[in-house]
Amino acid sequence: RVEHPAGGYKKLFETVEELSSPVTAHVTGWIPTWLRGSLLRCGPGLFEVGAEPFYHLFDGQALLHKFDFKEGHVTYHRRFVRTDAYVRAMTEKRIVITEFGTYAYPDPCKNIFSRFFSYFKGVEVTDNALVNVYPVGEDYYACTETNFVTKINPDTLETIKQVDLSKYVSVNGATAHPHIENDGTVYNIGNCFGKNFSLAYNIIRIPPLQADKEDPINKAEVVVQFPCSDRFKPSYVHSFGLTSNYIVFVETPVKINLLKFLSSWSLWGANYMDCFESNETMGVWLHVAEKKKGRLLNIKYRTSAFNLFHHINTYEDNGFLIVDLCTWKGFEFVYNYLYLANLRANWDEVKRQAEKAPQPEARRYVLPLNIDKADTGKNLVTLPYTTATATLRSDETIWLEPEVIFSGPRHAFEFPQINYRKYCGKPYTYTYGLGLNHFVPDRLCKLNVKTKETWVWQEPDSYPSEPIFVSHPEALEEDDGVVLSIVISPGAGPKPAYLLILNAKDMSEVARAEVEVNIPVTFHGLFKRA
């Protein structure tokens, strides 16, 4: 167990300036000649506006980062995304739009009369696209989890325009983890108002770019609707599972209280975090739909409570769905522990907080698709390679118990990535993750989900980001390629940050490209091949 008494991780949550043009990175080691393209990543880069601080990890203003690889040379560039939230904050020199955990106070310059009326305006939903970037057709969008996505130029990092998904398809928001099929089809999930005033979840599909070159978002459609366990309180959804034939939605006990969400926040200075609550009795419900027919399977899968942010992978095997997840045990919302004050605390305090939080565990659940009532009371899982069980109960629900694929006390395997293009939705062996040590990212980990063998990259006082796997162009094996991660090393040496390139086989270092500037935390991103 590595300790962090020097507190270098605090640099992950420090405001930086954007760059006017790309800077050259200093390479040590040897960059594979086949690695050509850009690593694009999103995260917060502005943690206060003037004297007004943002309070939560998911509040800082969106900064888009790019590492470019060309003929063994590397450059680094970054720009703030020109969202409404950012532009208005810059213009008015204050926080104007309420963020995830920070309430934006009404304009102090307005008179009492106009302030009174602003109490009756609806909530202005944030467009702060700090979570991920993904392709739609030939375009790239930076996103958060609201109905707004922001089209960006992946070469210059300039902001093109804000797009409101709710104008095209019936969703109140969409996750930052769409699935992108190899033909360019995009699937995502979002909360919606279903039939007779009750809440539901819509799976949306955006087709690939057609010959007519029309923006695919114009052709977005709902393919299936999942019901909600509580008609007034939708669960928080961060990602979902997809195979060639099925969609898997895991409904967790972290709920959004719609009455709070829709009431006037300005009356009580509320933000998004204030609208979450936990259902302490429901546990977790899993739902499955047939992808092509858009038909719900009438099978009620149940298991005990956990938080879920990231699906690792999902695949079909012999009448079963294998669902691999990064879970956090219990119904208390993990985001309660991600306030910046917690994350910037001294190491002993960081550890003390994490002791109280839900505990992380990577798990495999197995969902039987063919149910025979004669099997009531029995474990329906007959696959030889897993200890996961699914027991048919007399009330016709199926109780799931997982196989643990990674577990360490307050050591999370999180931000999972796989060889996505070739293995998403298919049987696979390897996943790459960011190791969180009491919520501090301090290692990169490769996991064999079959044998549970792990490989680790770790250096003292070094804080990496989500590892992105890039396959070798002539790869023969699943793990032929490299893993890319942005690492900050505030304590050691003259260079505060670097891009790290690891051999995906054994997680050994291939090269690093150092820059002269600090790089704050990034959440998700992609490698765009040249």
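Just so you know, these numbers come straight off a predicted model, no measurement behind them.

Visitor: Account for the overall build of the protein, with residues named and values stated.
Guide: When its secondary structure is counted, the protein shows seven helices and 37 strands. Here the protein has a C-alpha radius of gyration of 23 Å; the compact-globule value for 530 residues is 24 Å, and the two agree. Overall, the protein is about 65 × 65 × 60 Å in size when its C-alpha atoms are taken along their principal axes. The 530 residues of the protein split such that 59% are buried. Of all intrachain contacts in the protein linking residues separated by at least 6 positions in sequence, the fraction that spans at least 24 positions is 62%. Counting every atom, the protein has about 21,600 Å² of accessible surface; 52% of that belongs to carbon and sulfur. Computed over 56 positive and 62 negative side-chain charges, the inter-centroid distance for the protein is 3 Å.

Visitor: If you had to explain the sheet that holds strand 32 (residues 454-457) to someone new, which residues and values would you point to?
Guide: With antiparallel pairing, the four strands of this open sheet are ordered in space as 29-30-31-32. Every other strand in the sheet has two partners, leaving strand 29 (411-417) and strand 32 as the edge strands with one partner each. Going across the sheet, the axis of each strand differs from the next one's by a mean of 35°, ignoring polarity. Here four bridges tie strand 31 (residues 440-448) to strand 32, and the two strands are oriented antiparallel to one another. Within strand 32, the position partnered with lysine 446 by the bridge is tryptophan 455.

Visitor: Now, about the sheet that holds strand 1 (residues 23-24): what can you tell me, with residues and values included?
Guide: Here we have five strands laid out as an open sheet, ordered 1-7-6-3-37, and antiparallel in their pairing. Every interior strand has two partners, whereas the edge strands, strand 1 and strand 37 (524-529), have only one. For strand 6 (residues 61-70) and strand 7 (residues 73-80), the ladder comprises eight bridges, and the chain directions are antiparallel. Looking across to strand 7, one finds that leucine 63 is bridged to phenylalanine 80.

Visitor: Please provide a residue-by-residue account of helix 6 (residues 347-356), values included.
Guide: Listing the buried residues of helix 6 in full gives Trp347, Val350, Gln353 and Ala354. Take helix 6 and look down its axis: the buried residues cluster within an arc of 125°, on one side only. On its buried side, helix 6 packs onto helix 5 (340-343), strand 30 (430-437) and strand 31.

Visitor: I'd like to hear about the nonpolar core, residue by residue, with values.
Guide: If you look at the biggest cluster of nonpolar residues, it comprises 107 residues, and the most contacted ones within it are Leu35, Phe67, Phe69 and Leu484. Among residues more than four places away in sequence, those in contact with phenylalanine 67 are Gly37, Ser38, Leu39, Val74, Thr75, Tyr76, Ile486, Leu499, Ala513, Val515 and Ile519. Core analysis: the next-biggest nonpolar cluster, separate from the first, contains 41 residues, Val248, Val250, Val366 and Tyr428 among them.

Visitor: Please provide a residue-by-residue account of the packing of aromatic side chains, values included.
Guide: Inspection of the entire model under this criterion finds 32 aromatic pairs. Geometrically, the ring pair formed by tyrosine 9 and tyrosine 463 is edge-to-face, given 6.1 Å between the ring centres and 85° between the ring planes. Pair noted here: tyrosine 9 is in the segment before strand 1 and tyrosine 463 is in the loop between strand 32 and strand 33 (468-471), with a separation of 454 residues, a long-range link. Of the residues examined, tyrosine 9 reaches a relative accessible area of 1% and is grouped as buried. Since its relative accessible area comes to 1%, tyrosine 463 is described here as buried. On the basis of an interplanar angle of 45° and a centroid distance of 5.9 Å, the ring pair of phenylalanine 406 and phenylalanine 413 is categorised as tilted. With a relative accessible area of 16%, phenylalanine 406 lands in the buried category. Judged by relative accessible area, phenylalanine 413 falls into the buried class, the value being 5%. Put simply, the rings of Phe58, Phe100, Tyr236, Phe261, Trp265, Tyr272, Phe276, Phe309, Phe333, Tyr335 and Phe523 pair up and form one aromatic cluster. The cationic tip of arginine 512 hangs over the ring face of tyrosine 498; the distance from NZ or CZ to the ring centre is 4.2 Å.

Visitor: Go over the environment of glutamate 18, please, and point to the residues and values.
Guide: Residue placement: glutamate 18 occurs in the segment before strand 1. A relative accessible area of 22% means that glutamate 18 is categorised as partly exposed. For the pair glutamate 18 and alanine 345, spaced 327 residues apart in the sequence, the C-alpha separation amounts to 26 Å. Within polar-contact distance, the side chain of glutamate 18 engages the backbone nitrogen of phenylalanine 80 at 2.8 Å. One polar contact links glutamate 18 to arginine 82, side chain to side chain, over a distance of 2.7 Å.

Visitor: Before we move on, could you go through the pattern of salt bridges and cite the residues and values that matter?
Guide: Under the criterion given, the structure shown has 35 salt bridges. A salt bridge links arginine 363 to glutamate 361, with the nearest nitrogen and oxygen atoms 2.8 Å apart. A single burial state applies to arginine 363 and to glutamate 361, both of which are buried. When salt bridges that share partners are traced, they join Lys446, Glu477, Asp479, Asp480 and Lys505 into one network.

Scoring rules and cut-offs
Residues numbered from 1 in each chain as written. Predicted model: local features only at pLDDT ≥ 70, side-chain atom pairs only at ≥ 80, totals over all residues. Heavy atoms only, no water. Helix = DSSP H or I, 4+ residues; strand = E, 2+ residues; numbered from the N terminus. Rg over C-alpha atoms; globule rule 2.2 N^0.38 Å. Buried < 20%, exposed > 50% of the residue type's maximum accessible area, 1.4 Å probe, protein only. Contact = heavy atoms within 4.5 Å. Areas by Shrake-Rupley, 256 points an atom, 1.4 Å probe, with all protein chains shown as cover. Lys, Arg positive; Asp, Glu negative; His and termini not counted. Charge placed at Lys NZ, Arg CZ, Asp CG, Glu CD. Pairing = 2+ DSSP bridges. Axes fitted to C-alpha atoms, helices over the stretch in contact; angles between N-to-C directions. Arc of directions from axis to C-beta. Core = buried A, V, L, I, M, F, W, Y, C linked by side-chain atoms within 4.5 Å. Phe/Tyr/Trp six-rings, centres within 6.5 Å; stacked < 30°, edge-to-face > 60°. Lys NZ or Arg CZ within 6 Å of the ring centre and 35° of its normal. Polar contact = N/O pair within 3.5 Å; in protein donor to acceptor, adjacent residues only side chain to side chain. Salt bridge = Lys/Arg side-chain N within 4 Å of Asp/Glu carboxyl O.

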